[in-house]
Amino acid sequence: MQKLQQLYAGKAKSVFATEDQDYVVLSFRDDTSAFDGERIEQLSRKGEINNKFNAFIMEQLAVAGIPTHFEKLLSANEALVKNMKMIPVECVVRNVASGSLVRRLGVEDGMELNPPVFEFFLKNDALHDPMVNEYHIATFGWATDEQVQRMKALTFEVNQVLKKLFADAGMILVDYKLEFGVFKDEVYLGDEFSPDGCRLWDAETRKKLDKDRFRQGLGGVIEAYEEVAQRIGVPL
Ligand code: C5P
């Protein structure tokens, strides 16, 4: 499918129109951002790794019955996806306490969370993606109640599939962020699932294998992403 004009540029991906208005091209760039876009660096090969990583995960989720926007890989850095109207909230599930949960509530980093915690955040860099709840979403019309319930249910279903996938490869899925959109009146998983949007720790050593390596200046960011990809069998 032919790639036409750019429709949108996010912090790490750009979206292009195609001749079919039901589909768009997602182009994964090497840009890596942290702190709501305040810090941006280029990490060579990150776009390609995340594109292929995301394709692999989206395919696994589709096999498990989760509706996703992913159609197919187009090139090393590009994928064809459904042209959705994105719901402007992020859905986060946490299996282990880390990151903003620890900062907000003062709980111990690494504490197992049983049951897992679910949180909504508004997608708004200028406001630093504030945490919101179902009342905010209803009052401000960001999604219908039905869509909210669907996003929650799908985010927990993803947890079942991916916790096992990473555990089988010796990793702990600490937490992750998902975004959903609406296509032909149905809610689909959108955006991407990659080490940019989740926390993954080695199960034995608890070594961080995700974007926290970039956020915390630990180095070896791409090497860690490649290690995760290789462990779960992503063809790179
Ligand atoms: O920062 P926080 O602890 O709230 O992040 C929870 C999870 O959501 C982490 O895996 C993080 O990588 C992801 N996240 C994201 N994009 C954001 C905020 C958080 O991918 N804008």
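Basis of the calculations
- Residues numbered from 1 in each chain as written.
- Predicted model: local features only at pLDDT ≥ 70, side-chain atom pairs only at ≥ 80, totals over all residues.
- Heavy atoms only, no water.
- Helix = DSSP H or I, 4+ residues; strand = E, 2+ residues; numbered from the N terminus.
- Rg over C-alpha atoms; globule rule 2.2 N^0.38 Å.
- Buried < 20%, exposed > 50% of the residue type's maximum accessible area, 1.4 Å probe, protein only.
- Contact = heavy atoms within 4.5 Å.
- Areas by Shrake-Rupley, 256 points an atom, 1.4 Å probe, with all protein chains shown as cover.
- Lys, Arg positive; Asp, Glu negative; His and termini not counted.
- Charge placed at Lys NZ, Arg CZ, Asp CG, Glu CD.
- Near = heavy atom within 4 Å.
- Polar contact = N/O pair within 3.5 Å; in protein donor to acceptor, adjacent residues only side chain to side chain.
- Nonpolar A, V, L, I, M, F, W, Y, C, P; charged D, E, K, R; others polar.
- 1 Å grid on protein atoms, 1.4 Å probe; cavity = no way out; pocket = protein on both sides within 12 Å on 5 of 7 lines; lining within 4 Å.
- Points joined across faces, edges and corners; volume = space filled by probe spheres on them.
- UniProt positions renumbered as here; feature names shortened; annotations may be inferred.
- Salt bridge = Lys/Arg side-chain N within 4 Å of Asp/Glu carboxyl O.

**Overview of the overall build of the chain**
Per the secondary structure count, the chain includes 6 helices and 13 strands. Taking 2.2 N^0.38 as the reference for a compact globule, 236 residues should give roughly 18 Å; the C-alpha atoms of the chain span a radius of gyration of 17 Å, in line with that estimate. With the principal axes as the frame, the chain shows a C-alpha extent of 50 × 40 × 35 Å. For the chain, the proportion of its 236 residues judged to be buried stands at 50%. Within the chain, contacts between residues at least 6 apart in sequence are counted, and of these 55% link residues at least 24 apart. Total accessible area on the chain stands at roughly 11,200 Å², and carbon and sulfur atoms take up 50% of it. Seen as two clouds, the 29 positive and the 38 negative side-chain charges of the chain have centres 2 Å apart.

**Quick look at the site of the ligand**
Lining the immediate environment of the ligand, one finds 15 residues, of which Arg94, Ser100, Asp175, Arg199 and Arg215 sit closest. One of the side-chain N or O atoms of aspartate 129 is found 3.1 Å from a nitrogen atom in the ligand. Within the complex, the protein chains bury 82% of what would otherwise be the 450 Å² of accessible surface of the ligand. Looking at the shell around the ligand, the elements that each hand over two or more residues are strand 8 (85-96), helix 2 (99-105), strand 11 (171-183) and strand 13 (198-202). Class assignment for the residues of the shell around the ligand results in 3 nonpolar, 4 polar and 8 charged.

**Some thoughts on the side chain of aspartate 212**
Here aspartate 212 shows up in helix 5 (residues 212-215). According to the relative accessible area criterion, aspartate 212 is buried, its value standing at 3%.

**Quick notes on the layout of surface pockets**
As a volume, the second largest pocket reaches approximately 170 Å³. Taken together, Asn95, Val96, Glu112, Leu113, Asn114, Pro116, Lys163, Ala167, Met171, Ile172 and Leu173 make up the full set of residues lining the second largest pocket. Breaking the lining of the second largest pocket down by element, the ones donating at least two residues are strand 8, strand 9 (112-122), helix 4 (145-167) and strand 11. Per-element tally for the lining of the second largest pocket: the top contributor is strand 9, with 4 residues.

**A look at the UniProt feature "domain: SAICAR synthetase/ADE2 N-terminal" (unreviewed entry) in the chain**
Per the UniProt annotation, the sites labelled "domain: SAICAR synthetase/ADE2 N-terminal" (unreviewed entry) are residues 6-231. End-to-end, the C-alpha atoms of residues 6-231 are 34 Å apart, and along that stretch the chain is 31% helix and 36% strand.

**Section: the pattern of salt bridges**
Where side chains of opposite charge bring their charged atoms close, a pairing between them can arise. One pass over the full model with this rule turns up 26 salt bridges. In this structure, glutamate 119 and arginine 104 form a salt bridge, with 2.9 Å as the shortest nitrogen-oxygen distance. Taken together, the residues glutamate 119 in strand 9 and arginine 104 in helix 2 connect sequence positions 15 residues apart. Using a relative accessible area of 35% as the deciding quantity, one classes arginine 104 as partly exposed. Note that aspartate 212 and arginine 199 form a salt bridge whose closest N and O atoms lie 2.7 Å from each other. In this pair, aspartate 212 is assigned in helix 5 and arginine 199 in strand 13, connecting sequence segments 13 residues apart.

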